[in-house]
Amino acid sequence: MNRIIQTTCPYCGVGCGISANVDEQQHRLIISGDITHPANFGRLCSKGSALGETIQLTNRLLQPRVYGRETSWTDALDVVADTFSKVIAEHGQDAVAFYGSGQLLTEDYYVANKLMKGFIGSGNMDTNSRLCMSSSVAGHKRAFGSDTVPNCYEDYEHAELIILIGSNAAWCHPVSFQRIRAAKEANPALKIVVIDPRRTASCDIADLHLPLASGSDAWLFNGLLSYLYNHNALDLNYIQAHTEGFGSALGNINHGYSIEQVAEHCQLSVQDVQRFYDWFTTTNKVLSLYSQGINQSSSGSDKVNAIINCHLATGRIGKIGSGPFSLTGQPNAMGGREVGGLSHQLAAHIEFSDADTVARFWNAPNITREAGLPAVALFDAIHEGNIKAVWIMGTNPVVSLPNADKIKQALQRCEFVVVSDCIADTDTTALAHVLLPAQGWSEKDGTVTNSERRISRQRALLQPAGNAQPDWWIITQIAHRMGFAAAFNYQSPVDIFREHAALSGFENNGQRDFDISALADMSATDYEQFQPTQWPINTQYPQGRARFFADGQFFTPSGKAQFIAVTPRPPVNAPTADYPLILNTGRLRDQWHTMTRTALAAKLNRHKPEPFIDIHPADAEQYGVSANSLAMLESEWGSMIARVQITDNQTEDNVFVPMHWTAQYASHGRMGALVNPEVDPISKQPESKHTPVRIKPYTPLWQGFILSRHEIQLTEADYWIKSKLDGFYRYELAGNTLPDNWHESINSKLDTPAQWQEYRDSAKGIYRTARLVNKQLDTVISIAPNHHLAERNWLSSLFAKTELTKAEHKALLTGKPPLGGADVGAIICACFNVGEKTIKAAIKEHGFTTHQQIGQCLKAGTNCGSCVPELKALL
Ligand SMILES: Nc1nc2c(c(=O)[nH]1)N[C@H]1C(S)=C(S)[C@@H](COP(=O)(O)OP(=O)(O)OC[C@H]3O[C@@H](n4cnc5c(=O)[nH]c(N)nc54)[C@H](O)[C@@H]3O)O[C@H]1N2
Ligand SMILES: Nc1nc2c(c(=O)[nH]1)N[C@H]1C(S)=C(S)[C@@H](COP(=O)(O)OP(=O)(O)OC[C@H]3O[C@@H](n4cnc5c(=O)[nH]c(N)nc54)[C@H](O)[C@@H]3O)O[C@H]1N2
Ligand code: SF4
Ligand SMILES: [Mo]
């Protein structure tokens, strides 16, 4: 009997509701969008749709491991608790730290934070949200006195102007993006502006794209404030009644912000800046959506406030269709902020200055009264040996922190590293002394909060893998063993949730925005049946509240919003003669962060199977790198190798690389190694979008690829990339010493012996070999002195065939499809596996002009819609 269970997607901050059809017997899930969930009304993107493929047991961590040996939970928990207690006894409570994640559930996060700050008595609990949302948090607190997102998704349908600032929502918040697209289709008067140095997929629906100079946003928004003032577009009543500091914000922009000056600073055309300012001035309902292009900057907090200033000045905040709207990244970045996951927060939006309140509630006299270290400084302290024991939960810092080789070294030096993860082999688990197997998304129960403050349930769908336990259980077991049993006496997530809700209302009296006290007495059944609701949820708003601040009531001591005088600063590390290019990093449509889960789904690997460097044609020419060749990027901090993609979507002097590849999937793909560790002085968020680098061709002796039904341990290549595709693995390779007999070396690693066919042209350095098992293609290898190799896409398509035709068989070693054979090209539509060449041919043949026509003919773009921008680009 299959059961239908409502749950929430574990990826991005859109927080889509999922309706899972659970086949417990077969360990199978059929995933569809929950049509009743207000975040997505049934829609899902490519990642959410592919969740069913990621629940496999491949590479799951199933049993605790202590110093490499599998142990019982009792042993592992004893070792962790004893070691932490010992380090604290010898070196004090600040010699230990927790590093958590916006992917923990609220209940997990709450107990981790309570243990470290309340009972161990150290502030050293920080989270990967430091790399993600902390500039938004800082901006909110400075302006509103609280970390409040004023608006909600429904505003997409009401806005008349939507500005995407440093947000590639088409790929990173796809369901919100689809909703904005639909709003525009319903109301063609809705204008969209994208502000991003790159032309991204989000520009697909843009009426105006401002490819501003990296890091120059504060000039643009200061200039906008000046323009609003000069054009009498201010809401003087709102400013007068509900804000403070307008005079000094204005004083700051008296000079230097003419349109011409702004255009020069931002490297934009005067007309484009004029057009943007004019639209902002004359449009009533304006929604500013911003994300990592704003937050991940050494002036991120100021950039956030420069945007908020413009909304306060026009009174456009928390109103239907208008307001500043920070898009959260992770599924529970918002929940983490609620429980105080960042090292400078306490809990329930309570500051350290009110530590007594929390101490009373928790009955925790040992509570810390001081903030702990933020992520980058925390890992510096590990590197220096001041923090001697660290517990990393649900994040992969060896990949995602800046200056990542130093992070790796810090963990190698650290006396005691504990990692809780659901995956066994990651770049971070490789350095752990103790590994604790956590239950994954489909196994655990709790709550998450999305970008619009909506709390939703994640529900367990399947039995846990092996001996995996929920994070809250693991943490409370350690708390018990460290002597804090009374304060951590929870039987299930609802016990924790009730306490979290009660704390939010404790001594609150309307002074704190986060208040869900109406849920403090909820029964287990109510929790089980809880339907998505936006906080606050209290006596005044028992059904939740969609928007804040239209009434002019803020959470500052005076009750008024604060303008912040912003003096724009360029990024800390400017390009130099040695490192003349700016490295920008970010996300791809179908991968999630460090790929521990998305790379398990063949469907999600088709889109971009190899890390790449996007570079402008003029830069490619100047630095001598050609399309599809390999190149090395170097910064002062580290280096990587990836495939060159030449594109005028990049502005000159800027290169972009995806953040996703790790040492598990690439020999030289960890971009974090290059990223400078500079942080914003207020939020301490790293500058992940701006590192000076240089590029040079990487010219190995040979290049090649292997497509094989088998996972192969490669020792022959200096450069390799691995990806799992439909029924086979793809390895991209390069090296300087060429093994004599590839097939012998591979054969020794495979268990089924078979006949190989070989083609060799030693003079030209070309070698191709293939083997068939039961008439099916089993493995094919192609080697050449450069990247001109056999046709990968065609060969890949042969793995789907139960038997090769004679012509295909014969063509195997020519490297090209037989006459009339199809090469579909790079996969554009992951849902229906439709390639670029197929789409181009159909457009040419039928004269298609719309993506809908392509969809009718090839189905491409008709399921999740994530590839529609690419379809339109092909048109
Ligand atoms: N597919 C996918 N979706 C995701 C994630 C994922 O891993 N994969 N991760 C989730 C998480 S945790 C997050 S935080 C979000 C991030 O979502 P986004 O912030 O939308 O994603 P990014 O690609 O990191 O960066 C956004 C854009 O900022 C631009 N940018 C760089 N520098 C500047 C600048 O100086 N000014 C401006 N205005 N723009 C600049 C970049 O060119 C990039 O296009 O995505 C979430 N959604
Ligand atoms: N250069 C550069 N660096 C960046 C960024 C960038 O744009 N550029 N973006 C930054 C941002 S915004 C973010 S959010 C970070 C993300 O970076 P990370 O947090 O390091 O990346 P993830 O791959 O999401 O790591 C999550 C880990 O938790 C594990 N996991 C999944 N579910 C669970 C669970 O339920 N319990 C436990 N215990 N473990 C679980 C996964 O297997 C995985 O190992 O990267 C940051 N780093
Ligand atoms: S937009 Fe995609 S990744 Fe984000 S929550 Fe929805 S389905 Fe999940
Ligand atoms: Mo993030």
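Please read all numbers here as calculations on a predicted model, not as lab measurements. Counting from 1, residues in each chain are numbered in the order their sequence is written. Chains and ligands are labelled by the order in which they are written, letters from A for the one and numbers from 1 for the other. With the structure being a predicted model, the display of local features is reserved for residues of pLDDT at least 70 and the display and counting of side-chain atom pairs for 80 or more, all residues being used for whole-chain, interface and lining totals. Hydrogens and water molecules were not included; the side-chain quantities draw on all heavy atoms of the structure.

Participant: What should I look at first to understand the site of ligand 3 in this one?
Facilitator: The local shell around ligand 3 consists of Cys9, Tyr11, Cys12, Gly15, Cys16, Leu44, Cys45, Lys47, Gly48, Pro174 and Val175. Of all elements in the fold, only helix H1 (46-49) and helix H7 (174-186) reach the threshold of two or more residues within the shell around ligand 3. To be near a molecule or strand, a residue needs just one of its heavy atoms within 4 Å of it. What counts as a helix is a DSSP run of H or I of at least four residues, what counts as a strand is a run of E of at least two, and both are numbered from the N terminus.

Participant: What is the right way to read unusual backbone geometry from this model?
Facilitator: A negative phi angle characterises most non-glycine residues, just as the trans form characterises most peptide bonds. The residue after Trp535, namely Pro536, is reached through a cis peptide bond having omega 5°. With a phi close to 50°, Asn403 is a non-glycine residue in the positive phi region. Relative to the elements of secondary structure, Asn403 occurs in the loop between helix H18 (397-400) and helix H19 (404-413). Positive phi is not limited to glycine here, since Glu507 has a value of about 50°. Along the polypeptide, Glu507 turns up in the loop between helix H21 (493-505) and helix H22 (524-529). Judged by its relative accessible area of 34%, Glu507 is partly exposed. Think of it in three bands: residues with accessible area under 20% of the maximum for their type are buried, residues over 50% are exposed, and the middle band is partly exposed, with areas taken using a 1.4 Å probe on protein chains only.

Participant: Would you mind going over the pattern of salt bridges with me for this structure?
Facilitator: The rule for a salt bridge is simple: a side-chain nitrogen of Lys or Arg has to be within 4 Å of a carboxyl oxygen of Asp or Glu. If you walk through the whole model with that rule in mind, you get 44 salt bridges. Its salt-bridge partner being Arg179, residue Glu157 comes within 2.8 Å of it at the nearest N-O pair. With Glu157 in helix H5 (residues 155-158) and Arg179 in helix H7, this residue pair connects regions lying 22 residues apart in the sequence. Salt-bridge contacts for Lys696 lead to Glu634; the nearest nitrogen and oxygen are separated by 3.5 Å. Of this pair, Lys696 sits in strand S26 (residues 691-697) while Glu634 sits in strand S23 (residues 630-635), and the two are 62 residues apart along the sequence. Taken together, the shared-partner salt bridges in this structure form one network comprising Glu610, Arg643, Arg730, Glu732 and Arg792.

Participant: Would you mind going over the site of ligand 1 with me for this structure?
Facilitator: Lining the immediate surroundings of ligand 1 are 34 residues, of which Asp196, Gly215, Ser291, Arg587 and Gln591 lie closest. Under the rule applied, a polar contact is a pair of N or O atoms within 3.5 Å (in protein, one hydrogen donor and one hydrogen acceptor; residues adjacent in sequence only if both atoms are side-chain atoms). The contact in question runs from an oxygen atom of ligand 1 to an N or O atom on the side chain of Arg198, over 2.8 Å. If you list the elements that add at least two residues to the shell around ligand 1, you get helix H6 (169-172), helix H13 (292-295) and strand S21 (581-586). Here the nonpolar group is Ala, Val, Leu, Ile, Met, Phe, Trp, Tyr, Cys and Pro; Asp, Glu, Lys and Arg are the charged ones; every other residue, Gly included, is treated as polar. Across the shell around ligand 1, the residue classes tally to 9 nonpolar, 17 polar and 8 charged.

Participant: Sorry, what's going on with the sheet that holds strand S18 (residues 454-458) here?
Facilitator: Sheets are built from strands paired through backbone hydrogen bonds, the pairs being either parallel or antiparallel. Sheet architecture is open: 3 strands sit in the order S17-S18-S19, paired in antiparallel fashion. The outermost strands of the open sheet, each flanked by one partner alone, are strand S17 (446-449) and strand S19 (533-534). Here, strands pair whenever DSSP counts at least two bridges between them. Where S18 meets S19, 2 bridges bridge the pair, whose relative direction is antiparallel. Each bridged residue has a counterpart across the sheet, and for Arg454 the counterpart in S19 is Gln534.

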